[in-house]
Amino acid sequence: MLIHPWDAAHDTGEWRDWLARHDFGQLAVNGLAGEPPWVQPMHFRYDSEPGPYGQVIAHLARPNPLWRALDENPAVVLSVVDDYAFIPGPWAAPEGAPAEHGTPTSFYAAVQLVCTAHVVDDPAEKAELLNRQVAHFQPEGGTAPVSPGEAPFGRLLSGLRVLRLDVTDVRAKFKYAHHKPLPVQDRIADGLARRGAPGDASARTHQLRRRTQA
């Protein structure tokens, strides 16, 4: 992912705050020799500790075909993309230029977590990690805890494997025309407000937020 200086996260807090509100992504796993890579959509829990970049917890069904590839190479990337919008060319035209000379572009936020994957099969450890993941998505409770050998979920543990992803590096990008002159940024923000398509409001919020934080 190309990250221009003006699109880079301002600091660690910016991408961490964004990731705290985004917990669904795609896990990219290298394929075995002669096979294409695997890309697995999944919910996950991100924790800012341990280590400098934190840790991810997720789980997948045991029959999932990517396990052999993970055993061969545990280096993976978890990609999370959201708050995107298409920007028509006329909105981005340089000042004084004909509107049709503007270049269409995309706005989006993206965080890629470079990780080392650890597969967890111990029933007690799996149960503890699964309960932590459920607590993230259901802080209000309402679901019985997972406990090995105990109803209602103990018998299902063998059909799942838990992934613990230790994050070793982070690539974060917030592409919202921060390098454009302010009048062009204003024109784009006005266009997003008028159009009101899905994603436009969140994209505009990021554009204005990063402008004030420059």
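Residues numbered from 1 in each chain as written. Predicted model: local features only at pLDDT ≥ 70, side-chain atom pairs only at ≥ 80, totals over all residues. Heavy atoms only, no water.

Student: Give a detailed account of the packing of aromatic side chains, specifying residues and quantitative values.
Tutor: One pass over the full model with this rule turns up 3 aromatic pairs. Relative to Tyr-176, the ring of Phe-107 has its centre 5.3 Å away and its plane inclined at 75 degrees; by these criteria the two rings are edge-to-face. Here the residue Phe-107 occupies a position in strand β6 (residues 105-120), and Tyr-176 occupies one in the loop between β7 (160-175) and α4 (182-195), the gap between them amounting to 69 residues. A relative accessible area of 1% means that Phe-107 is categorised as buried. Here Arg-161 stacks its cationic end above the ring of Trp-67, 4.8 Å away from the centre of that ring. Against the face of Phe-174 rests Arg-209, its NZ or CZ located 5.7 Å from the ring centre. (Phe/Tyr/Trp six-rings, centres within 6.5 Å; stacked < 30°, edge-to-face > 60°. Helix = DSSP H or I, 4+ residues; strand = E, 2+ residues; numbered from the N terminus. Buried < 20%, exposed > 50% of the residue type's maximum accessible area, 1.4 Å probe, protein only. Lys NZ or Arg CZ within 6 Å of the ring centre and 35° of its normal.)

Student: So what's going on with the environment of Ala-177? Which residues, and what values?
Tutor: Along the chain, the position of Ala-177 falls in the loop between β7 and α4. You can call Ala-177 buried: its relative accessible area is 7%. For the pair Ala-177 and Ser-106, spaced 71 residues apart in the sequence, the C-alpha separation amounts to 9.2 Å. Here Ala-177 is in contact with Phe-107, Gln-185 and Ile-188, once residues within four sequence places are set aside. (Contact = heavy atoms within 4.5 Å.)

Student: Would you mind going over the pairing of strand β4 (residues 55-61) in detail, with residue names and values included?
Tutor: By the criterion of burial, β4 is predominantly enclosed, with 5 of the 7 residues buried. Across 3 bridges, strand β3 (residues 45-47) lies against β4 in antiparallel orientation. Within β4, the position partnered with Asp-47 by the bridge is Gln-55. Direction of pairing for β4 relative to β7: antiparallel, over a ladder of 7 bridges. (Pairing = 2+ DSSP bridges.)

Student: I'd like a description of the sheet that holds β3, backed by residues and values.
Tutor: What the 7 strands build is an open sheet, ordered β2-β1-β5-β6-β7-β4-β3; its pairing is antiparallel. The strands lining the two open edges of the sheet, one partner per strand, are β2 (38-43) and β3. Adjacent strand axes in the sheet meet at a mean angle of 30 degrees when their direction is disregarded. Where strand β1 (residues 24-29) and β2 come together, 6 bridges link them in antiparallel fashion. Across the sheet, the residue bridging to Gln-26 is Pro-41, located in β2. Of the strands in this sheet, β3, β5 (75-87), β6 and β7 are in contact with helix α1 (residues 12-20), which crosses β6 at around 80 degrees. On the sheet, α4 packs against β5 and β6 and is oriented at approximately 85 degrees with respect to β5. (Axes fitted to C-alpha atoms, helices over the stretch in contact; angles between N-to-C directions.)

Purely geometric stuff here, so don't read any function into it on its own.
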